[in-house]
Amino acid sequence: MASEDVKTSESAVSTIVNLAEEAKLAREGVKAPSYAILSICKSLVAGGVAGGLSRTAVAPLERLKILLQVQNPHSIKYNGTVQGLKYIWRTEGFRGLFKGNGTNCARIVPNSAVKFFSYEQASKGILYLYQQQTGNEDAQLTPLLRLGAGACAGIIAMSATYPMDMVRGRLTVQTENSPYQYRGMFHALSTVLRQEGPRALYKGWLPSVIGVVPYVGLNFAVYESLKDWLIKNPQFGFVDNSELSVTTRLACGAAAGTVGQTVAYPLDVIRRRMQMVGWKDAASVVTGDGRNKAPLEYTGMVDAFRKTVRHEGFGALYKGLVPNSVKVVPSIAIAFVTYEVVKDILGVEIRISD
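Residues numbered from 1 in each chain as written. Predicted model: local features only at pLDDT ≥ 70, side-chain atom pairs only at ≥ 80, totals over all residues. Heavy atoms only, no water.

Student: What exactly am I supposed to notice about the overall build of the protein here?
Tutor: Scanning the protein from terminus to terminus reveals twelve helices and zero strands. Going from the N terminus to the C terminus, the protein shows its helices and strands as α-α-α-α-α-α-α-α-α-α-α-α. Among the 354 residues that make up the protein, the fraction classed as buried is 50%. Put simply, 78% of the contacts in the protein that link residues at least 6 apart link residues at least 24 apart. Approximately 16,900 Å² of the protein is accessible, and the part contributed by carbon and sulfur atoms is 63%. (Helix = DSSP H or I, 4+ residues; strand = E, 2+ residues; numbered from the N terminus. Buried < 20%, exposed > 50% of the residue type's maximum accessible area, 1.4 Å probe, protein only. Contact = heavy atoms within 4.5 Å. Areas by Shrake-Rupley, 256 points an atom, 1.4 Å probe, with all protein chains shown as cover.)

This is the structure in structure tokens:
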């Protein structure tokens, strides 16, 4: 995501300060730091803060969504958003609403940092190739090119942190009545590695990769395109990015999140269910209770789709959509706005399409 251009006066002051600092360092015989590297670090920090803050804000809804996605259809404990949240509060207390959030934050901070940084770098590279191909140095990124950049960023970030997401899913669904307790993220990682092998840490990876294209790609593409549309239409009175208010950016982020999550949601359900396969002493939420107790058995993504639709109907692919819809709009919007605000505070001067 492109940060706003600094104003002429601010740019001049920044240049003077930078030159003064470089002259001072040169006199002292010290090599001046790379401002490109500094900007990259600031972008990583901004992305990490945005991801961690947005996920923490909606952690109860995130946990409920996963519980609805993977619970045994013959042993229903969570039946809707309000009832589900009340049930968690009654049976597990306040801490139960945030179960798995620590692992989620530990995962989402590096994930968001890598994702936002990868998007900026991919956008720069794609824009450069596009300008060279068209011979137009003033060419801008099209929505399709933004989709490609967003998809690349999402795949890189998701793959880098997928084992953490896999164990986060299991930590989220286990309750006090689960037969075996993961004590935390590292204990869960080591236990899965020891009992199920290294490949188990990437269960559900394929639907995740496929889902990245519409979800992350459309998030970035819709958000950036909406901002450009607002700026290019004079009736809105915006000249550049710096004039867009936080409310306007929040609305753009909300629209982007809604489009992305609706298209990719069935793949998210299948991913979560595949992550539960092979879990020894799995949580009762997954296996069920009493005579209904039975482990999940899928041979792959297609088999998971087929069995889910056959045994539970097409609507099962959208289990948990309501709490996800409630949480994804503010979550994505907060992530985008926080990212740009933190970059402004840190003084990041990265230009992609300007």
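Student: Help me understand helix 7 (residues 185-196), please; the structure alone is not making it clear to me.
Tutor: Here helix 7 spans 16 Å end to end across twelve residues, near enough to the 16 Å set by a 1.5 Å rise per residue. Close packing links the buried residues of helix 7 with helix 5 (101-134) and helix 6 (143-173). Looking one or two residues past helix 7, G197 carries a phi angle of roughly 95°, positive in sign. (Expected span 1.5 Å × (residues − 1).)

Student: Would you mind going over the pattern of salt bridges with me for this structure?
Tutor: Oppositely charged side chains can pair when the atoms bearing their charge come close. What the rule picks out here adds up to 20 salt bridges. Here E62 ties to K65 by a salt bridge, and the two come within 3.6 Å at their closest N and O atoms. In this pair, E62 and K65 both sit in helix 3 (residues 59-70), three residues apart, roughly one turn of the helix. We classify E62 as buried; its relative accessible area is 4%. In this structure, D268 engages R271 in a salt bridge whose closest nitrogen and oxygen atoms are separated by 2.4 Å. Of this pair, D268 and R271 both sit in helix 9 (residues 246-276), three residues apart, which is roughly one turn of the helix. Of the two residues examined, D268 and R271, each falls in the buried class. (Salt bridge = Lys/Arg side-chain N within 4 Å of Asp/Glu carboxyl O.)

Student: Help me understand the side chain of E92 in this model?
Tutor: Residue position: E92 is located in helix 4 (residues 81-97). Since its relative accessible area comes to 17%, E92 is described here as buried. A distance of 3.1 Å separates polar atoms of two side chains, one belonging to E92 and the other to R63. Apart from the residues lying within four places of it in its own chain, the contact partners of E92 are R63, Y78, K99, Q174 and T175. (Polar contact = N/O pair within 3.5 Å; in protein donor to acceptor, adjacent residues only side chain to side chain.)

Student: Looking at this structure, I do not really get the packing of aromatic side chains. What am I missing?
Tutor: For any pair of aromatic rings, the description rests on two quantities: the centre-to-centre distance and the angle between the ring planes. Tallying each qualifying case throughout the model produces seven aromatic pairs. A ring pair is formed by Y182 and W279, whose centres lie 5.7 Å apart and whose planes are at 10°; its orientation type is stacked. Taken together, the residues Y182 in the loop between helix 6 and helix 7 and W279 in the loop between helix 9 and helix 10 (284-287) connect sequence positions 97 residues apart. When its relative accessible area of 7% is taken as the criterion, W279 is described as buried. Here a set of aromatic residues connected by ring pairs shows up, and it is made of W89, F94 and F98. (Phe/Tyr/Trp six-rings, centres within 6.5 Å; stacked < 30°, edge-to-face > 60°.)

Student: When you look at the nonpolar core in this model, what are you seeing that I'm missing?
Tutor: Nonpolar side chains tend toward joint burial in soluble globular proteins. The biggest cluster of nonpolar side chains holds 53 residues, and the ones touching the most others in it are Y78, V167, V173, V192 and W279. Top contributing element to this core by residue count: helix 6, with nine residues. Those residues in contact with V192 that sit more than four places away from it in its chain are M166, V167, R170, Y182, G197, A200 and L201. L267, I270, M301 and A304 belong to the second largest nonpolar core, which has eight residues in total. (Core = buried A, V, L, I, M, F, W, Y, C linked by side-chain atoms within 4.5 Å.)

Student: Sorry, what's going on with empty space enclosed by the protein here?
Tutor: One simple way to see leftover space: roll a probe sized like a water molecule over the atoms. Considering all chains together, one arrives at three cavities of 30 Å³ or more under this definition. In this structure, the largest cavity spans a volume of roughly 660 Å³. Forming the boundary of the largest cavity are 38 residues, of which R55, K115, Y215, V216 and R271 lie nearest the centre. When residues of the lining of the largest cavity are traced back to their parent elements, those giving at least two are helix 2 (35-57), helix 3, helix 5, helix 6, helix 8 (205-232), helix 9 and helix 12 (321-346). No other element matches the eight residues that helix 8 contributes to the lining of the largest cavity. Its residues assigned to classes, the lining of the largest cavity shows 16 nonpolar, eleven polar and eleven charged. (1 Å grid on protein atoms, 1.4 Å probe; cavity = no way out; pocket = protein on both sides within 12 Å on 5 of 7 lines; lining within 4 Å. Points joined across faces, edges and corners; volume = space filled by probe spheres on them. Nonpolar A, V, L, I, M, F, W, Y, C, P; charged D, E, K, R; others polar.)

Student: When you look at the environment of Q181 in this model, what are you seeing that I'm missing?
Tutor: For Q181, the position within the fold is in the loop between helix 6 and helix 7. It is 9.2 Å that separates the C-alpha atoms of Q181 and A282, two residues lying 101 residues apart in sequence. In contact with Q181, other than residues within four places in its own chain, are Q174, T175, E176 and H187. Within the local environment of Q181, its side chain forms a polar contact with the backbone oxygen of T175, the two atoms lying 2.5 Å apart.

Student: Please explain the environment of Y298 as it appears in this structure.
Tutor: Among the secondary structure elements, Y298 is positioned in the loop between helix 10 and helix 11 (301-312). The buried category is assigned to Y298, whose relative accessible area is 13%. Between the C-alpha atom of Y298 and that of M276, which follows or precedes it by 22 residues, the distance is 9.7 Å.

Student: Would you mind showing me how to read the side chain of D268 here?
Tutor: With relative accessibility at 14%, the residue D268 sits in the buried group. Excluding residues within four positions of it along the chain, D268 makes contact with K65 and Q69.

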